[in-house]
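What follows is the residue order along each chain.
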Amino acid sequence: MTTERRAPLDRKRVADAALALLNETGLDGLTLRAIARELDVKAPALYWHFKDKQALLDEMATEMYRRMVAGTELDPGDTWQERLRRANHGLRKALLAYRDGAKVFSGSRFTGTDHAAQMEETLRLFTAAGFTLGQAVRATSSTYAYTIGSVIEEQGVQPLPDERREGYDVAERARLLAEFPLSARAGAEIFHDYGEHFEEGLEIVIAGIGARYGVS
């Protein structure tokens, strides 16, 4: 008879197990029953910690954020443009580490205040650069939404960096759209080089923010 004691079940342990399972099942297959099986407990035990799946997704998003910023510090010498680049490149990298990572993050609410320190520093940087608080919020929110949407689209084609969903054959798409030559050729642009597309799109958004608010 084993005397080994399992770690007590808590919110972090459940979220860790769910994130580990996410790369196998994807978001649609991630059920409380599957997570309970992974933890070797009965599914009702999870309801002591999470009232429903959305509550679990909130904790998963929070844990993803903790992992993303662990060991990193903001550079006080950043310009507002550099801060947006750094933050959104880091977010994209973190989301791509998980199957459906962007879908988990999208619409979830952090369960603690872990994010507040970096948020405060970023808003202080923006207001010092000449943005009003409202403009700073819209600037950071717009780039965040761009990154989330970009990664959702990317993961719709490539669930993980080394995978590609069936049905995204660019040559076959071009053949089907032969009557629409520009649209046919656009497939090679749309469904490849996601990192390059993200980089250029982010620069477009940042340039637009500067132009809109007149802050250089």
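Residues numbered from 1 in each chain as written. Predicted model: local features only at pLDDT ≥ 70, side-chain atom pairs only at ≥ 80, totals over all residues. Heavy atoms only, no water.

### Here's the deal with the overall build of the chain
Across its full length, the chain holds 10 helices and 0 strands. In sequence order, the secondary structure elements of the chain are arranged as α-α-α-α-α-α-α-α-α-α. Overall size of the chain, expressed as C-alpha extent along the three principal axes, is 65 × 55 × 25 Å. Sequence-distant contacts, at least 24 apart, represent 72% of the contacts inside the chain between residues at least 6 apart. Here the chain has roughly 13,000 Å² of accessible surface; of this, 53% comes from carbon and sulfur atoms. Within the chain, the 33 negative side-chain charges are centred at a point lying 5 Å from the centre of the 28 positive side-chain charges. (Helix = DSSP H or I, 4+ residues; strand = E, 2+ residues; numbered from the N terminus. Contact = heavy atoms within 4.5 Å. Areas by Shrake-Rupley, 256 points an atom, 1.4 Å probe, with all protein chains shown as cover. Lys, Arg positive; Asp, Glu negative; His and termini not counted. Charge placed at Lys NZ, Arg CZ, Asp CG, Glu CD.)

### Thoughts on the nonpolar core
Membership of the largest hydrophobic core comes to 34 residues, with the highest contact counts inside it found for Ile35, Leu56, Met60, Leu95 and Phe105. Put simply, the parts of the chain that give this core at least two residues each are α1 (11-29), α2 (32-39), α3 (53-69), α4 (80-96), α5 (101-105) and α7 (133-157). For isoleucine 35, the contacting residues outside a window of four places in its chain are Val14, Ala17, Ala18, Leu21, Leu30, Leu46 and Leu56. Grouped together as the second largest cluster of nonpolar side chains are 13 residues, Leu84, Leu123, Phe126 and Ile209 included. (Core = buried A, V, L, I, M, F, W, Y, C linked by side-chain atoms within 4.5 Å. Buried < 20%, exposed > 50% of the residue type's maximum accessible area, 1.4 Å probe, protein only.)

### Quick notes on the side chain of glutamine 81
If you trace the backbone, glutamine 81 turns up in helix α4. Accessibility expressed as a relative area gives 18% for glutamine 81, which makes it buried. Once residues within four sequence positions are removed from consideration, glutamine 81 is found in contact with Ile206 and Ser216.

### Some remarks on α1
Helical periodicity: at 3.6 residues per turn, an α-helix aligns residues three or four positions apart in one direction. Across its 19 residues, α1 extends only 20 Å between first and last C-alpha, which sits more than 12% below the 27 Å expected from 1.5 Å per residue. At asparagine 23, α1 shows its largest kink, close to 100°. Residues Val14, Ala15, Ala17, Ala18, Leu19, Leu21, Leu22, Gly26 and Leu27 constitute the buried set of α1. Contacts from the buried residues of α1 go to α2, α3 and α5. (Expected span 1.5 Å × (residues − 1). Bend = angle between axes of the 7 residues up to and from the residue.)

### Some words on the UniProt feature "DNA-binding region" (unreviewed entry) in the chain
Mapped onto this numbering, the UniProt entry gives "DNA-binding region" (unreviewed entry) at residues 31-50. Taken end to end, residues 31-50 is 40% helix and 0% strand, and its first and last C-alpha atoms sit 12 Å apart. (UniProt positions renumbered as here; feature names shortened; annotations may be inferred.)

### Examining the packing of aromatic side chains
According to the stated counting rule, one finds 8 aromatic pairs in the structure shown. An aromatic cluster is present here, built from Tyr65, Phe105, Phe110 and Tyr144 joined pairwise through their rings. (Phe/Tyr/Trp six-rings, centres within 6.5 Å; stacked < 30°, edge-to-face > 60°.)

### Section: helix α6 (residues 116-129)
Across its 14 residues, α6 extends 20 Å between first and last C-alpha, which sits within 8% of the 20 Å expected from 1.5 Å per residue. Where α6 is concerned, the buried positions are Thr122, Leu123, Leu125 and Phe126. Angular distribution of buried residues about the axis of α6 spans 155°; they occupy a single face of the element. Check the buried side of α6 and you find it contacts α4 and α7. Just beyond α6, the residue with positive phi is glycine 130, at close to 120°. (Arc of directions from axis to C-beta.)

### A word on the pattern of salt bridges
The final tally for this structure, using the stated rule, is 15 salt bridges. Among the ionic pairs, arginine 66 bridges to glutamate 59, the shortest N-O distance being 3.5 Å. On the accessibility criterion, arginine 66 (26% relative accessible area) is partly exposed. Classification of glutamate 59 by relative accessible area gives buried; the value is 5%. As a salt-bridge pair, glutamate 163 and arginine 99 come within 2.8 Å of each other at their nearest N and O atoms. Here glutamate 163 is found in the loop between α7 and α8 (170-176), whereas its partner arginine 99 is found in the loop between α4 and α5, with 64 residues between them in sequence. For arginine 99, a relative accessible area of 15% corresponds to the buried category. Connected through shared salt-bridge partners, Arg11, Lys12, Asp16, Glu59, Glu63, Arg66, Arg67 and Asp114 make up one network. (Salt bridge = Lys/Arg side-chain N within 4 Å of Asp/Glu carboxyl O.)

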